[in-house]
Amino acid sequence: MPVQYYIFLSIALFCIGVMGVLMRRNAIIIFMCIELMLNAVNLLLVAFSKMWVDAGRIDADAAQLFVFFVMVVAAAEVSVGLAIIVMMYRNTHSVDINILSRLKN
Amino acid sequence: MGTMSTELMIFILLSAIAIASALGVILSKNPVNSVLNMIICFVAIAGHYIMLNAQFLFVVHLIVYTGAIMVLFLFVLMMMNLNADIEPQKRNWLKYAGAISGGALLLVLVGALREASLPAVQAGSATDIGLIANLGKTLFTSYVVPFELSSVLFLSAMVGAVVIGKK
């Protein structure tokens, strides 16, 4: 199976994530779309790891460890980000990101 | 040939589920439906991991993403009591602009990587590279420093979340 299939799938998921960030105003949905983009990249890393293992390289498990570290950072990011969104909701009673444009002034 | 076509069929099925549920995430009006679609998408990606011989990542992905992160999202959503009626909507032309920008990015990336010459993924070839024993050995020999640094990152994230949440 050509690795291009996985590349195209990852590109599709990544671009859906980009579209979601551009199209939505709900901060939680935007946050979820960022998670979707991270997962698209993770999937591509795992596919490349399998590709190099099949091509005979022995150090290809570094890619899977990289995915592991991406998951670690994503978990930390989600905890802090959701805390920020909850605080924003407590202050403004909304999760609309347009309200945050007051940061401009 | 028989195993090959089975692999391809599973790949197409999982990819269709992943892309359809990802579209459901960004298109559904109700945020709770978005989270549920996201969980389906993550389960499909976990299926891809097991097809790619990444057993450890399969388990971690299911536990961390589907089990912890998405449940956290659901908790927050239900705490805020959001629904489709108060969902903020962008203006229509902004939505079209976002969709066109994302589609243009898709076209550029596909066009750039279509001709890349890379070795193929051999379907059905079993490797033990994704097993915990193998990954753990590499993690604790070559990647000890990032591992320890990630513990500091988690500590600071925990402290940060508590401090922000207490305010």
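- Taking an unreviewed UniProt entry as the reference, chain B is identified by name as NADH-quinone oxidoreductase subunit J belonging to Chitinophaga cymbidii.
- Its UniProt record gives chain B the following Catalytic activity (unreviewed entry) comment, quoted word for word: "a quinone + NADH + 5 H(+)(in) = a quinol + NAD(+) + 4 H(+)(out)".

1. Description of the overall build of chain B
Link 1 in the chain: Each helix and strand in chain B was counted, giving 6 helices and 0 strands.
Link 2 in the chain: In chain B, the order of α-helices and β-strands from amino to carboxyl end is α-α-α-α-α-α.
Link 3 in the chain: By the compact-globule yardstick of 15 Å for 167 residues, chain B is too spread out, its C-alpha radius of gyration being 20 Å.
Link 4 in the chain: Its C-alpha atoms put chain B at 50 × 40 × 30 Å along the principal axes.
Link 5 in the chain: Within chain B, the proportion of its 167 residues that are buried is 25%.
Link 6 in the chain: Here the contacts in chain B between residues at least 6 apart in sequence split such that 61% fall between residues at least 24 apart.

2. Concerning the overall build of chain A
Link 1 in the chain: For chain A, the helix and strand inventory stands at 3 helices and 0 strands.
Link 2 in the chain: Computed over C-alpha atoms, the radius of gyration of chain A comes to 18 Å, more than 25% over the 13 Å expected from 2.2 N^0.38 for 105 residues, which places it beyond the range of a compact globule.
Link 3 in the chain: Viewed in the frame of its principal axes, chain A has a C-alpha envelope of about 55 × 25 × 20 Å.
Link 4 in the chain: Taken over 105 residues, chain A has a buried fraction of 52%.
Link 5 in the chain: Intrachain contacts of chain A at a sequence separation of at least 6 include 48% that bridge at least 24 residues.

3. Overview of the interface of chain B and chain A
Link 1 in the chain: Taken together, the contact between chain B and chain A spans 70 residues of the former and 60 residues of the latter.
Link 2 in the chain: Every element with two or more residues in the side of chain B that touches chain A is listed here: α1 (2-27), α2 (31-51), α3 (55-80), α4 (92-113), α5 (132-141) and α6 (144-166) of chain B.
Link 3 in the chain: Tallied by class, the residues present in the side of chain B that touches chain A amount to 48 nonpolar, 17 polar and 5 charged.

4. Side note on the nonpolar core
Grouped burial of nonpolar side chains is what soluble globular proteins tend to show.
Link 1 in the chain: Ranked by size, the top nonpolar core spans 71 residues in total, and within it A:I28, A:M32, A:V46, A:A47 and B:L57 carry the most contacts.
Link 2 in the chain: Contributing elements (two or more residues each) for this core: α1 (4-23), α2 (27-54) and α3 (61-92) of chain A together with α1, α2 and α3 of chain B.
Link 3 in the chain: For this core, the element with the most residues is α2(A), which contributes 18 residues.
Link 4 in the chain: Apart from residues lying up to four places away in sequence, B:L57 is in contact with A:V46, A:Q64, A:V67, A:F68, B:Y49 and B:G130.

5. As for α3(B)
All names here are of chain B.
Link 1 in the chain: Compared with the 38 Å implied by 1.5 Å per residue over 26 residues, the 36 Å span of α3 between its first and last C-alpha is a close match.
Link 2 in the chain: Roughly 25° is the biggest bend found in α3, and it falls at H61.
Link 3 in the chain: Once α3 finishes, N81 follows within two positions and takes phi at roughly 55°, a positive value.

6. Digging into the UniProt feature "transmembrane region" (unreviewed entry) in chain B
Residue and element names in this part refer to chain B.
Link 1 in the chain: When the UniProt feature table is mapped onto this chain numbering, "transmembrane region" (unreviewed entry) sits at residues 6-27, 34-52, 58-81, 93-113 and 143-164.
Link 2 in the chain: The distance from the first to the last C-alpha atom of residues 6-27 is 31 Å, and the span holds 100% helix and 0% strand.
Link 3 in the chain: In residues 58-81, the share of helix is 96% and the share of strand is 0%. The end C-alpha atoms are 32 Å apart.

7. Details of the packing of α2(A) against α2(B)
Two numbers describe a pair of packed helices, the interaxial angle and the distance between the axes.
Link 1 in the chain: The contact between α2(A) and α2(B) brings their axes to 11 Å, and the two run at 5°. The orientation of α2(A) with respect to α2(B), classified from their angle, is roughly parallel. Seen from α2(A), the contacting residues are A:I28, A:I29, A:M32, A:N39, A:L43 and A:V46; seen from α2(B), they are B:P31, B:S34, B:M38, B:F42, B:I45, B:H48 and B:Y49.
Link 2 in the chain: Class assignment of the residues belonging to the contact of α2(A) with α2(B) gives a composition of 10 nonpolar, 3 polar and no charged.

8. Observations concerning the confidence of the model for chain B
Link 1 in the chain: On average, chain B scores 89 in pLDDT, and the residues at 70 or more come to 96%.
Link 2 in the chain: When the elements of chain B are averaged for pLDDT, α1(B) gives the smallest value, 89, and α2(B) the largest, 94.

9. Digging into the packing of α1(A) against α2(A)
Residues and elements named next belong to chain A.
Link 1 in the chain: The contact between α1 and α2 brings their axes to 8 Å, and the two run at 165°. The orientation of α1 with respect to α2, classified from their angle, is roughly antiparallel. Crossing of α1 against α2: the hand is left-handed. For the pair α1 and α2, contact is made by Y6, I7, S10, L13, F14, I16, G17, V18, G20 and V21 and by I29, I30, C33, I34, L36, M37, N39, A40, V41, L43, L44 and A47, respectively.
Link 2 in the chain: Its residues assigned to classes, the contact of α1 with α2 comprises 18 nonpolar, 4 polar and no charged.

10. Some remarks on the confidence of the model for chain A
Link 1 in the chain: When pLDDT is averaged across chain A, the result is 90; 97% of the residues are at 70 or more.
Link 2 in the chain: Highest mean pLDDT in chain A belongs to α1(A) (94); lowest belongs to α3(A) (91).

Rules used in this analysis
- Residues numbered from 1 in each chain as written.
- Chains lettered and ligands numbered in written order.
- Predicted model: local features only at pLDDT ≥ 70, side-chain atom pairs only at ≥ 80, totals over all residues.
- UniProt positions renumbered as here; feature names shortened; annotations may be inferred.
- Helix = DSSP H or I, 4+ residues; strand = E, 2+ residues; numbered from the N terminus.
- Rg over C-alpha atoms; globule rule 2.2 N^0.38 Å.
- Buried ≥ 20, exposed ≤ 12 C-beta atoms within 10 Å, placed from the backbone.
- Contact = placed C-beta atoms within 7 Å.
- Nonpolar A, V, L, I, M, F, W, Y, C, P; charged D, E, K, R; others polar.
- Core = buried A, V, L, I, M, F, W, Y, C linked by C-beta atoms within 7 Å.
- Expected span 1.5 Å × (residues − 1).
- Bend = angle between axes of the 7 residues up to and from the residue.
- Axes fitted to C-alpha atoms, helices over the stretch in contact; angles between N-to-C directions.
- Parallel < 35°, antiparallel > 145°, perpendicular 65-115°, else oblique.
- pLDDT = per-residue confidence, 0-100.
- Left-handed = near helix turned anticlockwise from the far one by under 90°.

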